[in-house]
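# Geometric and topological summary
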Amino acid sequence: MPTLTPAARNSHLLGINGLSANTINSILDKAARGPSADKPLAQKVVVNLFFENSTRTRTSFEISAFKLGADVVNISTRDSSIAKGETLLDTALTLNAYKPAVLIVRHPNSGAVDLLAQKVNCSTINAGDGQHEHPTQALLDALTIQQSFGTLRGLKVALCGDVLHSRVARSNYHLLDTMGAEVRLVGPDTLLPSAAAMPNAQRHLRLEDGLKNIDVVMMLRLQVERMKGNYFPSVREYYHFWGLTPDRLRVASKGALVLHPGPMNRGVEIGSEVADDIKRSAIVRQLENGIAVRCACLEMVTGSFTPEQ
Amino acid sequence: MTVAVPKTAKRSAWTNARLVCPATGMDRPGAVIVEDGVIADIGDITPGENIQTYDCNNLILTPGFFDLRVRAGEPGEPEKEDISSAARAAASGGITSLALMPDTSPVIDDAGGLAFVSNRARQERSAKIYAWASITRGANGKELSDIGLLDEVGAIGFTDGDSPVADTRLLARAMRYGRAFGVLFSGRPEDVSLAGGGVMNGGDLSGAMGLPGVPPMAELIGLERDLRLVEMTGARFHVAQVSTARAVEALRLAKSRGLSVTADTAPQYFLKTEREVEGYRTFARLTPPLRSESDRAAVEAAVIDGTIDAVTSAHTPQDQESKRVPFSEARPGMVGLETLFSLSWSLVADGGMGMSALLGCLGCRPAAILGQVKSLERGRAADFALLDVESRWVIDSGEFRSRSRNTLFDGEEVTGRVVRTWVDGRVVYKIN
């Protein structure tokens with residue numbers, strides 16, 4: 001199934017996998033230019049439907065929609081009929097009755113946003129589905145990297161930590177690979193997906209190997225709950241071998257950039273010295289770019305901006 | 001007032017020996033010159049003047065043995081054995097290097113525990129001591145130990161000792177996780193739920209004696225699982241204490257398929273059978289249990305043909321309180337450091353095994369499993385055993401240097417004896 005369907009009545013952004021380099025480039029260019037000033041989403045309803053807790057992504061979409069003039073409705077699943085046992089498809093039917101222009105969905109199950117997109121009469125943006133994709137995060141990461149390096153082509157980028165369970169990593173892999181970057185996966189073997197899942201990426205089990213001459217380090221959030229699944233023995237050991245510290249960054253290329261999708265676990269996957277180092281850390285800039293990218297995506301799915309194919 | 005004396009190299013020569021080194025294939029008469037604990041020269045050499053020279057009387061001089069599987073009661077039960085008494089017992093068995101099991105009290109599952117054992121080991125000069133660490137915390141099979149940190153402070157490998165890791169997913173995760181550090185895992189193959197708390201071999205005899213048995217099939221099922229996990233994860237794995245014909249067959253097949261695994265057993269499994277348990281003799285309560293005659297014969301054949309890589313002592317000291325109880329309540333295990341060579345030599349004396357092959361099973365092959373070297377080459381440590389393979393003698397547990405005497409072989413006549421042992425060129429054992 002194509003992840004972007006501009007020919008259909010509704011266009012969706014469900015994932016990065018399947019987008020061409022041209023499309024990605026035009027979304028990034030649009031994001032860099034900034035949102036259209038003429039409030040293209042005025043009189044339109046944007047629904048934030050979050051089946052998982054989120055502060056930054058939901059707020060980022062909300063602000064983006066406001067900037068474009070939309071009316072925004074937030075539905076969190078705890079205080080809705082979904083909590084009373086309504087099925088996903090019944091929810092879709094209910095939402096159709098309200099005639100929103102865009103539905104922004106986060107769901108704990110991989111593939112759930114695709115399913116919903118097939119059943120609603122509006123455009124859908126995937127704000128993260130299970131361990132599958134989180135396309136706007138990958139786009140904002142790409143914009144952040146582009147601002148520093150001018151291009152993605154030929155850059156060495158390491159996705160570090162819990163790659164296996166990360167939708168951010170999957171979207172980023174597809175984007176970086178499509179744009180000609182060299183992707184490395186770095187983490188214990190228990191937290192890396194099988195080689196075929198990200199076929200063009202190099203795998204490194206030790207951080208000191210994976211960071212050699214690296215241009216961009218993307219730290220992934222480690223869910224401490226994973227410890228119960230015995231993916232690794234202890235936070236102490238994890239930080240000792242895979243925590244990002246100034247010392248570990250010494251083998252990286254000069255001026256290497258550090259990204260983190262947030263929320264950070266300081267002292268688990270990233271040390272404060274790195275997270276707070278304004279010369280290296282692009283973590284605050286990632287948040288700013290989130291708004292620009294999400295405005296571009298909202299304009300794209302509603303037709304006020306048409307990317308190249 | 002002390003006067004600084006210039007340090008002179010300590011040299012000694014051991015002449016008139018039969019030099020046998022399975023690692024290099026050497027088997028020839030000759031001499032070895034030791035300088036500062038290291039082999040300075042070896043072969044057809046004549047030591048010069050001003051060097052202390054000893055005659056080996058044509059006895060076999062071979063690299064000291066490497067015992068993969070030794071329990072000391074330290075920490076936890078020093079009255080049964082401490083690291084010092086274990087090292088002395090090892091020396092009298094020609095064992096110059098040994099690896100301590102982690103299932104002590106407390107279990108060696110973190111860097112602090114390992115540091116304790118390493119510090120104790122460094123004080124011992126009778127043997128070189130290495131330490132295994134546990135795969136899971138408390139060897140309880142539930143949560144991973146700090147495998148990376150333990151590797152960093154020198155754990156030689158990872159095993160939960162006699163307890164197999166029952167949770168298959170957990171063991172698979174451990175194996176995959178361990179790849180970041182290239183560590184070695186080892187386990188005794190057994191399906192824990194099928195073994196179900198048995199205290200002897202499961203079969204007709206256990207039925208007749210009214211004791212719960214461990215079916216031989218439990219070893220095969222456990223081994224098949226472990227081998228498939230190795231296939232799946234690419235981990236380095238060593239199979240400990242093979243005791244059944246079926247497991248031998250599975251191991252042979254896995255090796256012929258090219259799976260990179262190694263295996264060990266202990267002399268009791270190729271010398272004794274479940275009949276030892278008759279009379280509810282608690283010294284015969286072992287983990288794994290002694291098996292049937294066909295199992296015994298298969299294990300013997302597997303050592304002889306090389307399917308089983310190493311013979312270990314599985315030294316497990318128990319005091320009288322642990323053995324003078326009803327059979328089911330007795331603690332398992334037997335001591336073996338001091339009898340490892342003499343019992344194993346029966347494979348050469350009676351079983352037709354080549355001398356070099358057997359010495360390899362006791363020395364260079366177990367060493368290689370742990371990434372160590374035992375060989376008679378210039379520059380290697382002067383760790384030797386001098387063997388009199390004609391000597392017939394009677395095992396007398398009363399003369400053991402070990403603090404415990406729980407052996408099945410007390411009073412048995414054996415052929416082949418360690419008469420002298422060196423560690424780093426120092427004589428650490430000399431027969432009376």
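These numbers come from a predicted model, not from an experiment. (Residues numbered from 1 in each chain as written. Chains lettered and ligands numbered in written order. Predicted model: local features only at pLDDT ≥ 70, side-chain atom pairs only at ≥ 80, totals over all residues. Heavy atoms only, no water.)

### Points about the overall build of chain A
Each helix and strand in chain A was counted, giving 10 helices and nine strands. For 309 residues, the compact-globule estimate of 2.2 N^0.38 gives 19 Å, and chain A sits close to it at 19 Å. For chain A, the residues scored as buried account for 59% of the 309 residues in total. Long-range contacts, defined as pairs at least 24 residues apart, comprise 72% of the intrachain contacts of chain A with a sequence gap of at least 6. Between the averaged position of the 33 positive side-chain charges in chain A and that of its 29 negative side-chain charges there is a distance of 2 Å. (Helix = DSSP H or I, 4+ residues; strand = E, 2+ residues; numbered from the N terminus. Rg over C-alpha atoms; globule rule 2.2 N^0.38 Å. Buried < 20%, exposed > 50% of the residue type's maximum accessible area, 1.4 Å probe, protein only. Contact = heavy atoms within 4.5 Å. Lys, Arg positive; Asp, Glu negative; His and termini not counted. Charge placed at Lys NZ, Arg CZ, Asp CG, Glu CD.)

### With respect to the domain arrangement of chain B
All names here are of chain B. Taken as a whole, chain B is organised into domain 1 (3-61 + 380-430) and domain 2 (65-369). For domain 1 and domain 2, the distance between their C-alpha centres works out to 27 Å. Each partner contributes to the interface: domain 1 provides 38 residues, whereas domain 2 provides 47 residues. Of the roughly 3300 Å² buried at the junction of domain 1 and domain 2 (both faces included), carbon and sulfur atoms supply 64%. Broken down residue by residue, the surface that domain 1 buries against domain 2 is led by Arg403, Asn406 and Leu408, which jointly contribute 24%. Put simply, domain 1 and domain 2 have four salt bridges between them. One salt bridge in this structure joins Lys128 and Asp424, with 2.8 Å as the shortest N-O distance. (Domains from an automatic or database assignment. Buried area = accessible area lost by both parts, 1.4 Å probe. Salt bridge = Lys/Arg side-chain N within 4 Å of Asp/Glu carboxyl O.)

### A few points about the pairing of strand E1 (residues 45-50) of chain A
Residues and elements named next belong to chain A. With five of six residues buried, E1 is to be regarded as a mostly interior element. For E1 and strand E2 (residues 71-76), the ladder comprises six bridges, and the chain directions are parallel. Following the sheet pairing, Phe50 is matched in E2 by Ser76. With respect to chirality, the unit in which E1 leads through helix H2 (residues 56-67) into the neighbouring parallel E2 is right-handed. For E1 and strand E3 (residues 102-107), the ladder comprises five bridges, and the chain directions are parallel. Across the sheet, Val46 pairs through a bridge with Val102, a residue of E3. (Pairing = 2+ DSSP bridges. Right-handed = clockwise from strand over helix to strand, strands pointing away.)

### Some words on the interface of chain A and chain B
With 18 residues of chain A at the contact, the number on the chain B side is 17 residues. Roughly 1600 Å² is buried in total at the junction of chain A and chain B, and carbon and sulfur atoms are behind 51% of that figure. Considering only the side of chain A, the residues that lose the most area to chain B are Asp189, Asn230 and Pro233 of chain A, jointly responsible for 34% of the buried surface there. Viewed at the interface, chain B and chain A are joined by three salt bridges. Linking Arg179 of chain B and Asp189 of chain A is a salt bridge whose minimum nitrogen-to-oxygen distance equals 3.2 Å. Counting every contact that joins chain A to chain B gives 14 residue pairs in polar contact (both at pLDDT 80 or more). (Polar contact = N/O pair within 3.5 Å; in protein donor to acceptor, adjacent residues only side chain to side chain.)

### Structural notes on the nonpolar core
In this structure, Leu139 of chain A together with Phe185 of chain B are the most contacted members of the largest nonpolar core, which totals 188 residues. Tallying contributions element by element places helix H10 (residues 283-302) of chain A first for this core, with 10 residues. Excluding residues that lie within four positions of it along the chain, Phe185 of chain B makes contacts with Ile135, Ile147, Phe158, Ala174, Met175, Gly178, Ala235, Arg236, Phe237 and His238 of chain B. Ala17, Met26, Val32 and Val34 of chain B belong to the second-largest nonpolar core, a separate cluster that totals 18 residues. (Core = buried A, V, L, I, M, F, W, Y, C linked by side-chain atoms within 4.5 Å.)

### Remarks on the sheet that holds E1 of chain A
All names here are of chain A. Judged by pairing direction, the sheet is parallel, and its four strands sit side by side in the order E2-E1-E3-E4 without closing on themselves. Of all strands in the sheet, those bounded by a partner on one side alone are E2 and strand E4 (123-129). Along the sheet, successive strands turn relative to each other by an average axial angle of 15 degrees, direction set aside. Summarising the sheet, E3 and E4 pair through five bridges and their orientation is parallel. (Axes fitted to C-alpha atoms, helices over the stretch in contact; angles between N-to-C directions.)

### Things to note about the side chain of Ser12 of chain B
Residue and element names in this part refer to chain B. By the element assignment, Ser12 lies in strand E1 (residues 11-21). By relative accessible area, Ser12 is classed as buried at 12%. A polar side-chain atom of Ser12 sits 3.4 Å from a polar atom in the side chain of Trp14.

### Describing the pattern of salt bridges
For the coordinates displayed, the defined rule picks out 45 salt bridges over all chains. For Glu62 of chain A, the salt bridge is made with Arg58 of chain A, and the minimal N-O distance between the two is 3.9 Å. Of this pair, Glu62 of chain A and Arg58 of chain A both sit in helix H2, separated by four residues, roughly a single helical turn. Take Glu62 of chain A: its relative accessible area is 18%, and that puts it in the buried class. Judged by relative accessible area, which is 28%, Arg58 of chain A ranks as partly exposed. Note that Arg392 of chain B is salt-bridged to Glu413 of chain B, the shortest N-O span being 2.6 Å. Of this pair, Arg392 of chain B sits in strand E16 (residues 384-394) while Glu413 of chain B sits in strand E17 (residues 413-423); the two residues are 21 residues apart in sequence, bridging distant segments of the chain. One salt-bridge network, held together by shared partners, links Arg69, Arg71, Asp103, Asp162, Arg188 and Glu190 of chain B.

### Considerations on unusual backbone geometry
A cis amide bond links Gly262 of chain A with the next residue in sequence, Pro263 of chain A, at an omega value of -10 degrees. If you trace the backbone, Pro263 of chain A turns up in the loop between strand E9 (257-259) and helix H9 (272-275). Here Glu74 of chain B and Pro75 of chain B are connected by a cis peptide whose omega angle stands at 0 degrees. Inspection of the secondary structure assignment puts Pro75 of chain B in the loop between strand E6 (65-70) and helix H1 (83-92).

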